[in-house]
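Per-entry structural report
Read off the chains here:
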Amino acid sequence: MLDFKIAKDKCTRCGLCVADCPAHVIDTADGFPLITAEKEAGCYRCQHCFTVCPTGAVSILGLDPAESTPLAGDWRPDPARLEALIKGRRSVRRYKPENLEPELMQRLLEVAWHAPTGVNTRQVRFTVIDDRDKLAAFREELLAGIKRLVRDNALPEQLAFFADFVKLWEEQGVDVLFRGAPHLLVASVSDKAVSPLQDCVIALSYFELFAQANGVGTVWDGLAKIAIADLVPEAQATLGIPEDHTLGYCMAFGKPAVQYARTVQHRGALIHRV
């Protein structure tokens, strides 16, 4: 049930909610917006009507406009600083041996979950290892699984280099899988989602930028993704990832033990204008 309501004492009948509805399900009656019962199923639940209303007259899904963050005035981040964040973002592979504060981690996850998804399905599931000791135990499970594959000569030829990761850990204590990070974030989504892989990567991109804006280091962890999804699939059960989910990607994160002094200087963007 949409619970679409209009506070008529606040509504100016400007028509913005009608014009901005991507599903075109909002009509007008006596000049006031409404969604008829037969059109409710077509609503994307995107909340465009809720957010575009300048007077806060629209309520949907039981939401109260007064509880949203106002976007009046100059609320956008400084473009130069945002550019520096994007260009200065680094894949961090050196971390402090300590956990993030629980409040900060929860905020990072909650904000990142606002990332867009295909048809606003909002099915991305964040599986997070929030304690470095838990991640250490999970690392042992993955490495033990890889070691069994090596012993049984069952490691795929194209992934034979994973055998070196076991050796590096056992002989030198070098953690190639998670780069010594204390935390791991896995994004997965139902196989029935419209764009499962894209939704996961977009969500992790939002997480990364907000994390680095808060001084938290991140690294896109394709090696962990391969280990969990392809080499030791039973590890997905350890993480509690549903069987009907596509594992989109992984990201290790934590407090960085390195500080970069300047941005890189990549060559010009590859741009094709039509």
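Being a predicted model, the structure only gives us computed values, none of them experimental.

Bringing the sheet that holds strand S8 (residues 245–254) into the picture now. The strand order across the open sheet built from four strands is S5-S6-S8-S7, with neighbouring strands paired in antiparallel fashion. Either end of the sheet is taken by a strand with one partner, and the two such strands are strand S5 (125–129) and strand S7 (217–220). In this sheet, adjacent strand axes meet at a mean angle of 25° when their direction is disregarded. Relative to strand S6 (residues 183–190), S5 runs antiparallel, the two sharing five bridges.

Across its 20 residues, helix H5 (residues 132–151) extends 28 Å between first and last C-alpha, which sits within 8% of the 28 Å expected from 1.5 Å per residue. Leu-135, Phe-138, Arg-139, Leu-142, Leu-143, Gly-145, Ile-146 and Leu-149 are the residues of H5 that are buried. Down the axis of H5, the buried set is contained in an arc of 155°. They therefore lie on one face. Exposed residues lying more than 90 degrees from the buried face of H5 are Asp-133 and Arg-151.

Turning our attention to the nonpolar core. Formed by 34 residues in total, the largest nonpolar core has its most connected members in Phe-138, Leu-142, Phe-162, Leu-177, Leu-184 and Ile-228. Taken together, the elements giving at least two residues each to this core come down to H5, helix H6 (162–172), S6, helix H8 (222–231), helix H9 (235–239) and S8. Filtering out sequence-adjacent residues up to four positions away, Leu-184 remains in contact with Thr-127, Val-128, Ile-129, Leu-135, Phe-138, Phe-178, Asp-221, Ile-228, Cys-250, Met-251, Ala-252 and Phe-253. Listed in part, the 22 residues of the second largest apolar core include Leu-109, Val-189, Ala-211 and Val-216.

What counts and how
- The numbering scheme is per chain: residues are counted from 1 as the chain's sequence reads.
- In view of the model being predicted, local features appear only for residues whose pLDDT reaches at least 70, and side-chain atom pairs are presented and counted only at 80 or more, with totals across whole chains, interfaces and linings using the full set of residues.
- To get the side-chain values, take all heavy atoms of the structure and skip hydrogens and water.
- By this definition, two strands are paired if DSSP reports at least two bridges between them.
- Helix numbers and strand numbers start at the N terminus; a helix is a DSSP run of H or I with at least 4 residues, a strand a run of E with at least 2.
- Working convention: axes come from line fits to C-alpha atoms, limited for helices to the stretch in contact. Angles between N-to-C directions cover 0 to 180 degrees.
- Given a helix with a known number of residues, its expected span is that number minus one, times 1.5 Å.
- In this scheme, a residue with accessible area under 20% of its type's maximum is buried, one over 50% is exposed, and one in between is partly exposed, where area comes from a 1.4 Å probe on protein chains only.
- Taking the helix axis as origin, the arc is that swept by the directions to the C-beta atoms.
- What makes a nonpolar core is a set of buried Ala, Val, Leu, Ile, Met, Phe, Trp, Tyr and Cys residues whose side-chain atoms join them at distances within 4.5 Å.
- Residues count as neighbours in contact if any of their non-hydrogen atoms are within 4.5 Å of one another.

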